[in-house]
Structure formats: C-alpha cells, structure tokens
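What follows is the residue order along each chain.
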Amino acid sequence: MISSSRSRQSFLLDRPHNAVVAFISLALALIFLSLPATAAHAKDDGEWATIATQVSTQLDQAVEKFEAGDIDEAKALVKKARYETFAGKGLEEQIASQLSGADANKANMDFGLLTKAISDGDSEGVTTYADKLKNQLAKDSAELDGAQGSGEPQAISPGKWGQTASAMIELLDQALETYNAGDAEGGKDLVNEAYYGHYETSGFEKMTMARISGGRVAGIELEFALIKRAMNEGKDSEVATRITELKPHLIEDANSLDGFDGTTGETSEAGTSAATIFLAAFTVILREGIEAMLVVAAVIAYLVKAGHKDKTKVVWAGAIAALVVSAILAVAISQLTGLAGKSQELIEGITALVAVAMLIYVSNWMLGKSDAAAWDRFIKDKTDTSLSHGSLLSLAFVAFLAVVREGAETILFFQPILAMADGKNHIVWIGLLAGVVALVVVYALIRILSIRIPLRPFFLATSLLLALLALTFTGSGIRELQEADAVSVTPIPGLPTIDLLGFYPRVENLTAQAVVLIVMVGLFVYGYWRKNRVEAVR
C-alpha cells in the first residue's frame, strides 16, 4: 500500500511534466465537455425553427408507429428526435444557454415521459407529451430566431422592470431610426444609452443575473455589442434584425422579473415571495464571492502548510483593504455618473487582467516550489524554509485583487434586491448571511483538506486551482472590456456560455484564455528545465 501511494505521488511530482499534462487535460476537458454534441456551425435566420420542426415530424412519426402497434420503432424515433436532432443539432444547448435551463430540462423530462408512455401503452400520455414537446420547442425556437409565433405584439409588464424594458426598446427604436438616417455614431450613442443608462444602472442586468442566469445576461450583452458592430460596419439589414431580435428578449426578462404572465394587467413583484428574495440575495453573494474566497483560502492554506501561519495576517489585511476599497468604489459608481457605464466596465476588466497576471505568477511560483529541493528539506525540517518579502506581498496583492474585483459589484447587486424586497429587507440580510456562511464553509473545507493532503501534492493542487482561476478571470475580464467597447466581439455560434467558468463563445475571449494557458505551461516547463540544468551542474 505504501509503495503504491509513493508510486502515485511519483507520477505527478517526481515527473513534473505529468503535472503539465494533467493541467492541460483539465483545462481542455472543461472546454470540450461544454461543447454541443455535434455541429457547432452558425445558424441562419429561422434554422432553429427548422430543427424544431424536424423534431416535431419525428415525434409525429413515433405517435403513428405507436398507434400502429410498433412499440420498438416508436421508441427508436423518439430517441432519434431527442439525441440526434434536439441535442445533436444544438437546439437543446441553445435553449439552455440563451433562454432557460429549466426549459431544456423540461423538454428532456417530457422526452423521457413520452418514452415511458410508449412502453406502458398509455395512448393518452403519448399524445399529451408529444404535443407538449412540439408546442414548447416551437415557442423556444421561435424566440431563438427572434420571431413572434403569433405575429402579435408581445405583452409587456406594467411593473418596474417592464417600464425599464420599454425605455430600452424605445431607445433601440430611436437608434435604428437615427442609424437609417445616416448617423451611425448617433445610433451607437442611443444603443449605449439603452445599455449603460438602463440595462446596467437600473439594476436590470443584476436582477437578471441573480434571478434568471448569468448566461442570459452574457447573451443580452453580446447582442448590444453586435448591434454596435453592425452599425460600425454599415450592415443595415443586420442592425435591423438584431434590434428586432433583442427586444423580445428584454420583454421576456422584464416579465419574468415582474412576475407578469401576459394575461392580466397585474404583476406579482409587490408580493415577491420571501423565498425569491432570499435566493436572490444568497445567489449573489455566493456567486460573486466564491472566486475571491477560493483565492484567499488557497493562499492562506498555502502559508499555513508552509509553516508561515504568522504571516497570514498580511493576506487578510489585503482582503480587508479590498473590502474597504470595494465599498468606496460602489459609492463612487452609484453617485458619480462619470464612473458608471464604460468606465465601470473598464475598471473591472483591467482589475481582472491584473489579477490574472498575479495569479499566473503566484501559481507558477507555488508549482515551482512543489518540485524544488528546498521542499524536500522542508519535509525533514520546517526551519529550512523562508518566505521573501516580495513573495509575501505578491500573495497579499493577489488576494486584494481577487476580492476588490468582486466586492464593488456585489454591493451594487444588492441595491435592486433591496428595492425588490419592498419592506422585507430582513430577508435580504438573511440571504446575505447564509451566503457568507456558505463561503466560510468553503474556506474551512480548504483549510481542513490542506491539513490532510501531503505537502507536495497540496502545493501542486493549489497552484493548479489558481491557474484555473486565472483562466476564468481572463474570460470574464475580456468580457468586461468588450462591454466597455475596448475590445472587439466576434461570437462563435453554437457554443454555450458557461458564466461560472468565464467561458464565453467569442474569439477574443477564447484566444486570450489560450494565450494564458500557453504562458502558464511555458513558464512551468522553463522552470522545470532550469531546475534540472542547475542540478546537472551540481
């Protein structure tokens, strides 16, 4: 048993190139596992509806086979509709990433229930689930294609968020008119006013992220950017098409936030349930805090494991300073219009990329230490180790950047949640407290695990975690710069958005992440080569 354990450690630690292979495999797995099963090609206008029609045709054929008594063929047709067409042609992934994960899950559940009804000989169930699937996919595909199935104007909530959406839609219509009149810059200014002046500053973006999904926000932001790009390139038809497609998305999100079902003139926002308020507050603090907590916890655990527990106060000081700076930034952004809009996105984007640089440095430094001879001596005698002043400040600075990157935005997130609470502010604070407790649990787990994991594997795992966070920060940092119009946007159709991992299907984001990955691997390989060269000289 001991020999086997040592063999496994040797594989990763005595042969560091295997660690590089493991890291590359991890990063690539996260990317490729997120891709659709097949066909990540661009969809022309109306093609999602075409795919939905193909599914419906296959389902009709399945029902016919069932009624003819051919159970096996009916089940085979449902399987083909589900896996080859719905999932295989990317419709499932598009619904999940651009519309609603709940819709995608519901469709898959109905596919399963339809198959069960066929197996059970349940004629009523077969008809019911087939019809439900066809209706849902027709609706979702029409929305993906920017179409209104009935041809009638979509009802919009009279509530707070419906009013905000109406203001954005009016500005987008004005932008189209201005652009068509030959004033592209004026049109772009109006698009920016809709985005920065309403989507962001009103809290619409933050509430959508908290109550719907981060992927949905990323999709809306991308549409705003693509409208401006089309205006720059003088693509008249694309400008009109994209504005037409964006408006129903804004209406749908507003209706969802207001609790408006389109059948009455009433909304349910005033009566927002305590559970909804709690989940919004809990989700925001957990979502925004998890990356920062992972960085801080990893750095603290590293210092404790390395025998420098007395120096952790420097890292905590960096994190606390970041909280103070975050509060100041939040107040400034709220009060000073000059810091809102593009400036806010620019600050967040630059901070994220500076954090990436520090994470690369710290990750590479830790990974190098895990293989250095000094750590072999450390195992025998902890007094042999030391931590330079520069290295300590670097650890504190990376904690500062990780916290300040999320801090100000977290504070801004809670403003619309408090407004939504409408007298139930105590529920918001309970949700906030629960989120903080969850973050503390994450920190405690990392500390506990760091005690049980052997020294060198711990350093290896910590460095790889920070490297993965560097890739995440890179994707989200480039996204912030794109929102500030500082970096171009070139979407890759057919790929999903994974907001939590900073995976955005855009050429610029993925290129930057590839560069960061190459740099990290290159630095490690160089460090390993240099260490071997020094040992050879000895």
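Residues numbered from 1 in each chain as written. Predicted model: local features only at pLDDT ≥ 70, side-chain atom pairs only at ≥ 80, totals over all residues. Heavy atoms only, no water.

1. Remarks on the overall build of the protein
Turning to step 1, where the next piece is worked out: A count of helices and strands for the protein gives 20 helices and 0 strands.
Turning to step 2, where the next piece is worked out: Scored against the burial criterion, the 538 residues of the protein give a buried share of 48%.
Turning to step 3, where the next piece is worked out: A sequence separation of at least 24 residues applies to 79% of the contacts in the protein between residues at least 6 apart.
Turning to step 4, where the next piece is worked out: If you sum the accessible surface of the protein, you get close to 24,300 Å²; carbon and sulfur atoms cover 61% of it. (Helix = DSSP H or I, 4+ residues; strand = E, 2+ residues; numbered from the N terminus. Buried < 20%, exposed > 50% of the residue type's maximum accessible area, 1.4 Å probe, protein only. Contact = heavy atoms within 4.5 Å. Areas by Shrake-Rupley, 256 points an atom, 1.4 Å probe, with all protein chains shown as cover.)

2. Some words on the environment of Arg82
Turning to step 1, where the next piece is worked out: One can find Arg82 in helix α4 (residues 71-87).
Turning to step 2, where the next piece is worked out: Along the chain, Arg82 and Gln58 lie 24 residues apart, while their C-alpha atoms are 9.4 Å from each other.
Turning to step 3, where the next piece is worked out: Every residue in contact with Arg82, bar those within four places of it in the chain, is listed here: Ala87, Asn108, Phe111 and Gly112.
Turning to step 4, where the next piece is worked out: Among the polar contacts made by the side chain of Arg82, one reaches the side chain of Asn108 at a distance of 3.3 Å. (Polar contact = N/O pair within 3.5 Å; in protein donor to acceptor, adjacent residues only side chain to side chain.)

3. Focus on the packing of aromatic side chains
Turning to step 1, where the next piece is worked out: Summed over the entire model, instances satisfying the criterion amount to 8 aromatic pairs.
Turning to step 2, where the next piece is worked out: Ring plane angle 85° and centroid distance 5.9 Å describe the contact between Trp161 and Phe204, whose orientation is recorded as edge-to-face. Of this pair, Trp161 sits in helix α8 (residues 160-180) while Phe204 sits in helix α10 (residues 204-211), and the two are 43 residues apart along the sequence. In this structure, Trp161 and Phe204 share a single accessibility class: buried. (Phe/Tyr/Trp six-rings, centres within 6.5 Å; stacked < 30°, edge-to-face > 60°.)

4. Focus on the nonpolar core
Turning to step 1, where the next piece is worked out: By size, the foremost hydrophobic cluster in this structure holds 50 residues, and its most contacted members are Val295, Val315, Leu359, Leu395, Val398, Leu466 and Met520.
Turning to step 2, where the next piece is worked out: Those elements giving two or more residues to this core turn out to be α13 (274-305), α14 (312-335), α15 (342-369), α17 (389-421), α18 (425-452), α19 (455-483) and α20 (507-537).
Turning to step 3, where the next piece is worked out: Among the elements that take part in this core, α13 stands out by supplying 16 residues, more than any other. (Core = buried A, V, L, I, M, F, W, Y, C linked by side-chain atoms within 4.5 Å.)

5. Some thoughts on the side chain of Thr312
Turning to step 1, where the next piece is worked out: Along the chain, Thr312 turns up in helix α14.
Turning to step 2, where the next piece is worked out: Using a relative accessible area of 12% as the deciding quantity, one classes Thr312 as buried.
Turning to step 3, where the next piece is worked out: Ignoring any residue separated from it by four or fewer positions in sequence, one finds Thr312 in contact with Ile300, Leu303 and Val304.

6. Quick look at a nonpolar patch on the surface
Turning to step 1, where the next piece is worked out: A cluster of nonpolar side chains, namely Trp316, Ile320, Val324 and Ile328, defines an oily patch on the protein surface of about 390 Å² accessible area.
Turning to step 2, where the next piece is worked out: By the secondary structure assignment, Ile328 is in helix α14. (Patch = residues over 30% accessible without salt bridge, like charges linked within 9 Å, V, L, I, M, F, W, Y side chains within 5 Å. Salt bridge = Lys/Arg side-chain N within 4 Å of Asp/Glu carboxyl O.)

7. Considering helix α12 (residues 236-258)
Turning to step 1, where the next piece is worked out: With 23 residues, α12 should reach 33 Å at 1.5 Å per residue; the first-to-last C-alpha distance of 34 Å fits that figure.
Turning to step 2, where the next piece is worked out: Backbone geometry just downstream of α12 places Gly259 in the positive-phi region, at approximately 70°. (Expected span 1.5 Å × (residues − 1).)

8. Remarks on the side chain of Thr208
Turning to step 1, where the next piece is worked out: Structurally, Thr208 is set in helix α10.
Turning to step 2, where the next piece is worked out: Since its relative accessible area comes to 0%, Thr208 is described here as buried.
Turning to step 3, where the next piece is worked out: Looking at Thr208, its side chain comes within polar contact range of the main-chain oxygen of Phe204, at 2.8 Å.
Turning to step 4, where the next piece is worked out: Setting aside residues up to four positions removed in sequence, Thr208 forms contacts with Tyr199, Ser213, Arg216, Val217, Asp253 and Leu257.

9. Considerations on the pattern of salt bridges
Turning to step 1, where the next piece is worked out: One pass over the structure, following the stated rule, counts 15 salt bridges.
Turning to step 2, where the next piece is worked out: For the salt bridge of Lys188 with Glu185, the shortest nitrogen-to-oxygen distance reads 3.4 Å. Of this pair, Lys188 and Glu185 both sit in helix α9 (residues 184-200), 3 residues apart, which is roughly one turn of that helix.
Turning to step 3, where the next piece is worked out: Here Arg242 ties to Glu238 by a salt bridge, and the two come within 2.8 Å at their closest N and O atoms. Of this pair, Arg242 and Glu238 both sit in helix α12, 4 residues apart, roughly one helical turn.
Turning to step 4, where the next piece is worked out: Taking relative accessible area as the criterion, Glu238 reaches 18% and is therefore assigned buried.
Turning to step 5, where the next piece is worked out: Three or more residues are tied together by salt bridges with common partners; here these are Asp60, Asp131 and Lys134.

10. Regarding the confidence of the model for the protein
Do not read the fine detail of predicted coordinates wherever pLDDT is low.
Turning to step 1, where the next piece is worked out: Mean pLDDT over the protein works out to 75, with 73% of the residues at or above the 70 mark.
Turning to step 2, where the next piece is worked out: Mean pLDDT across the elements of the protein bottoms out in helix α1 (residues 2-14) (41) and peaks in α8 (91).
Turning to step 3, where the next piece is worked out: Contacts of residues 26-45 to residues separated by more than four positions or lying in other chains number 32 contacts, the stretch itself having pLDDT below 50.
Turning to step 4, where the next piece is worked out: Across residues 374-386 the pLDDT falls below 50, and counting only partners more than four positions away or on other chains, this stretch makes 19 contacts in the model. (pLDDT = per-residue confidence, 0-100.)

11. Observations regarding the environment of Val325
Turning to step 1, where the next piece is worked out: You can see Val325 is positioned in helix α14.
Turning to step 2, where the next piece is worked out: The spatial distance from the C-alpha of Val325 to the C-alpha of Phe400 is 9.5 Å, given a sequence separation of 75 residues.
Turning to step 3, where the next piece is worked out: Not counting residues within four places of it along the chain, the set of residues in contact with Val325 comprises Phe400 and Val404.

12. Let's talk about the packing of α8 against α12
Turning to step 1, where the next piece is worked out: Where α8 meets α12, the closest approach of the two axes is 8 Å, and the angle between their N-to-C directions is 175°. By the angle between their axes, α8 is roughly antiparallel relative to α12. From α8, Lys160, Trp161, Gly162, Ala165, Met168, Ile169, Leu172, Asp173, Leu176 and Tyr179 reach across to α12, where they touch Asp236, Val239, Ala240, Ile243, Leu246, Lys247, Leu250, Ile251, Ala254, Leu257 and Asp258.
Turning to step 2, where the next piece is worked out: Partitioned by chemical class, the residues of the contact of α8 with α12 number 15 nonpolar, 1 polar and 5 charged. (Axes fitted to C-alpha atoms, helices over the stretch in contact; angles between N-to-C directions. Parallel < 35°, antiparallel > 145°, perpendicular 65-115°, else oblique. Nonpolar A, V, L, I, M, F, W, Y, C, P; charged D, E, K, R; others polar.)

13. Overview of helix α3 (residues 47-67)
Turning to step 1, where the next piece is worked out: Along its 21 residues, α3 runs 30 Å from first to last C-alpha, staying within 8% of the 30 Å computed at 1.5 Å per residue.
Turning to step 2, where the next piece is worked out: Every buried residue of α3 is listed here: Trp48, Ile51, Ala52, Val55, Ser56, Gln58, Leu59, Ala62, Val63 and Phe66. Within α3, the buried residues cover an arc of 165° as seen down the axis, which keeps them to one side. In α3, the exposed positions that point more than 90 degrees away from the buried face belong to Glu64 and Glu67.
Turning to step 3, where the next piece is worked out: After α3 finishes, the residue Gly69 shows a positive phi value of roughly 90°. (Arc of directions from axis to C-beta.)

14. Focus: the environment of Leu91
Turning to step 1, where the next piece is worked out: One can find Leu91 in helix α5 (residues 91-99).
Turning to step 2, where the next piece is worked out: Sequence-wise, Leu91 and Glu47 are 44 residues apart; in three dimensions their C-alpha atoms are separated by 9.8 Å.
Turning to step 3, where the next piece is worked out: Setting aside its immediate chain neighbours within four residues, Leu91 contacts Trp48, Ile51, Ala52, Phe86, Leu137 and Leu144.

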